[in-house]
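For reference, the chains in residue letters:
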Amino acid sequence: MKGTVGELGEFGLIRELTSRLTTTPAVRVGPGDDAAVVAAPDRRVVASTDILVEGRHFRRDWSTAYDVGRKAAAQNLADIAAMGAVPTALLLGLVVPAELPVTWPSELMDGLRDECQVAGAAVVGGDVVRGDSIMVSITALGDLRNQEPVTRAGAQPGDRVAVTGWLGWSAAGYAVLSRGFRSPRAFVEAHRRPEPPYHAGPAAAGLGATAMCDVSDGLIADLGHIAEASKVRIDIRSGAIDIPSQMNDIGQAVGVDPMQWVLTGGEDHAIVATFPPDVKLPARWKVIGEVLNPSALPQVTVDGAPWTSKGGWDHFGDMES
């Protein structure tokens, strides 16, 4: 569709965006009414929300609108999965300038829709308003399907720490993009469009995971959230973490130890969890550490020692993670 958001108008834009959506059996009332209605067979709803701001969380010269849509949906749906729930629905709050071409929010919605389909969810509604810059606010909903939620507070000394999904790929892609390059493409795409292992969250709950979190702020930072909530110490074994050869090549080219990306790079949305030692884990899970009794050391250590290098995402800190 040609033209700008201002030329199309609020209700024309809403019609354009909602016309691109698909639905799921969980959606009883979709876009077009005062509110959506989503089935909650468990009678409990898991909810998460995030805001993405242009220039802070995405750049239009690095990512297409479709990329931003996929990423915005993924980071919220991953939070749902990390509670052990199945994603069901997503709501969009969108702020855009009037002069923005209509193609941008349309492609954004395509990205949201397609990522929801990967997770088994659907976009069920939202709001659009005019503003000076682009902001994307997402609320995701999920269903526990009669499981108890897996929080950050249940890790016990003796538990094993395991992860599934990518680690450090988004941070390596960010390093590539920030230096003006677009390859290796796999790492650039990992930064633009993370691929959370949605199925692994509910599966981990079924296996008896004691604590769980998605890796959005960095492995050390997110395990720190678990350690703090559970009042334990977690030790990561660096030798248990595989680093792809291409990531080593990128690290050598930019002068960064790739282990830094693996341990402190965020936005991969892998899932990390703690499990009792007698749980037999599927092959997709990689054991990378253990839960210990609290001590005077930091709550998360690497090979028994504090990790002193800078890293980890902080929304009120520097742009680079």
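Sequence order as written defines residue numbering, which begins from 1 separately in each chain. With the structure being a predicted model, the display of local features is reserved for residues of pLDDT at least 70 and the display and counting of side-chain atom pairs for 80 or more, all residues being used for whole-chain, interface and lining totals. The side-chain figures draw on all heavy atoms in the structure; neither hydrogens nor water molecules are used.

Going by the annotation in an unreviewed UniProt entry, the name recorded for the protein is Thiamine-monophosphate kinase, with Streptomyces indiaensis given as the source organism. UniProt positions are given in the numbering used here, feature names are shortened, and annotations may be inferred rather than shown by experiment. Under Pathway (unreviewed entry), UniProt gives the following word-for-word description of the protein: "Cofactor biosynthesis; thiamine diphosphate biosynthesis; thiamine diphosphate from thiamine phosphate: step 1/1." What UniProt states about the protein under its Catalytic activity (unreviewed entry) heading is, verbatim, "thiamine phosphate + ATP = thiamine diphosphate + ADP".

S.K.: Go over the nonpolar core, please, and point to the residues and values.
M.R.: Among the buried residues, those of types Ala, Val, Leu, Ile, Met, Phe, Trp, Tyr and Cys that are joined through side-chain atoms within 4.5 Å form a nonpolar core. The buried label applies to any residue whose accessible area, calculated with a 1.4 Å probe on protein chains only, is under 20% of its type's maximum; exposed applies above 50%, and partly exposed to all values in between. If you look at the biggest cluster of nonpolar residues, it comprises 49 residues, and the most contacted ones within it are L77, L112, V136, F275 and W285. Strands are runs of DSSP state E lasting at least 2 residues, helices are runs of H or I lasting at least 4, and numbering of each runs from the N terminus. At eight residues, helix α3 (residues 65–82) tops the list of elements feeding residues into this core. Sequence-distant contacts of L77, that is, excluding residues within four places in its chain, are made with P87, L90, E115, C116, A119, A121, A140 and Y198. By definition in these notes, contact holds between two residues if any of their heavy atoms fall within 4.5 Å.

S.K.: Any details on the pairing of strand β5 (residues 122–130)? Residues and values, ideally.
M.R.: Think of it this way: DSSP has to see at least two bridges between two strands before they count as a pair. Bridge count between strand β4 (residues 86–96) and β5: eight bridges; the pairing is parallel. Following the sheet pairing, L91 is matched in β5 by G125. Looking down the strands as they point away from the viewer, one classifies a crossover as right-handed if the path from the first strand across the helix to the second runs clockwise. With helix α4 (residues 103–119) bridging β4 and the parallel β5, this β-α-β connection has right-handed handedness.

S.K.: Describe the packing of α3 against α4, listing the residues and the values that go with them.
M.R.: One can describe the packing of α3 onto α4 by two numbers: an axis separation of 7 Å at closest approach and a directional angle of 40°. Comparing their axes, α4 and α3 come out oblique. When the axes of α3 and α4 are compared, the crossing they make is right-handed. Contacts from A65, Y66, V68, G69, R70, A72, A73, A74 and L77 in α3 reach W104, E107, L108, D110, G111, L112, D114, E115, C116, V118 and A119 in α4. Throughout, an axis means a line fitted to C-alpha atoms (over the contacting stretch in the case of helices), and angles, computed between N-to-C directions, take values from 0 to 180 degrees. Each angle is binned into one of four classes, with values under 35 degrees roughly parallel, values over 145 roughly antiparallel, values of 65 to 115 roughly perpendicular, and all other values oblique. Crossing handedness is read from the near helix: turned anticlockwise from the far helix by less than a right angle, it gives a left-handed crossing, and turned clockwise, a right-handed one.

S.K.: I'd like a rundown of the UniProt feature "binding site: Mg(2+) 2" (unreviewed entry) in the protein, residues and numbers included.
M.R.: The feature "binding site: Mg(2+) 2" (unreviewed entry), as annotated in UniProt, sits at D50 and D79 in this numbering. Across 30 residues of sequence, these annotated residues stay compact in space, with a maximum C-alpha separation of 10.0 Å. Summarising the element assignment, D50 is placed in strand β3 (residues 45–53). Topologically, D79 is positioned in helix α3. Take D79: its relative accessible area is 21%, and that puts it in the partly exposed class. Within 3.5 Å is the distance limit for a polar contact, defined as a pair of N or O atoms, with the added protein rule that one can donate a hydrogen and the other accept it, and that residues adjacent in sequence qualify only through two side-chain atoms. There is a polar contact of 3.0 Å between the side chain of D79 and the side chain of S48.

S.K.: I'd love a proper account of the confidence of the model for the protein, names of residues and values included.
M.R.: A score from 0 to 100, pLDDT tells how confident the predictor is in each residue. Per-residue confidence for the protein gives a mean pLDDT of 94; residues scoring 70 or more make up 96%. pLDDT under 50 marks residues 313–321. Its contacts with residues more than four places away, or in other chains, come to 22 contacts.

S.K.: I'd like a description of the pairing of strand β9 (residues 233–236), backed by residues and values.
M.R.: The alternating pattern of β9 places R233 and D235 and I234 and I236 on opposite faces, both of which are buried. Here β9 pairs with strand β11 (residues 286–292) via four bridges, running antiparallel. Bridged to D235 within β11 is E290. One ladder, built from three bridges, connects β9 with strand β12 (residues 300–302); its direction is parallel.

S.K.: Could you give an account of the UniProt feature "binding site: Mg(2+) 1" (unreviewed entry) in the protein, naming the residues involved and the relevant values?
M.R.: Those places that UniProt annotates as "binding site: Mg(2+) 1" (unreviewed entry) correspond, in this numbering, to T49, D50 and D127. Examined against the element boundaries, T49 turns out to sit in strand β3. Not counting chain neighbours up to four residues away, the residues in contact with T49 comprise N76, S137, I138 and T139. In this structure the side chain of T49 is engaged in a polar contact, spanning 2.8 Å, whose partner is the backbone oxygen of I138. Tracing the sequence through the fold places D127 in strand β5. Exposure remark for D127: the relative accessible area of 44% places this residue in the partly exposed category.

S.K.: Go over helix α2 (residues 10–18) with me, naming the residues and quoting the values.
M.R.: Three- or four-residue spacings in an α-helix give side chains the same orientation, since the helix completes a turn every 3.6 residues. Taken together, the buried positions of α2 are G12, L13, E16 and L17. Buried residues along α2 cover an arc of 130° about the axis, so they all sit on one side. α2 presents F11 and R15 as exposed residues on the side facing more than 90 degrees away from its buried surface. Tucked into the core, α2 has its buried residues touching α1 (5–8), β4, α4 and β5. It is the directions from the helix axis to the C-beta atoms that the arc portrays.

S.K.: Please provide a residue-by-residue account of the side chain of D42, values included.
M.R.: With respect to the helices and strands, D42 occurs in the loop between β2 (37–38) and β3. For D42, a relative accessible area of 10% translates into the label buried. Apart from the residues lying within four places of it in its own chain, the contact partners of D42 are D143, L144, R145, N146 and Q147.

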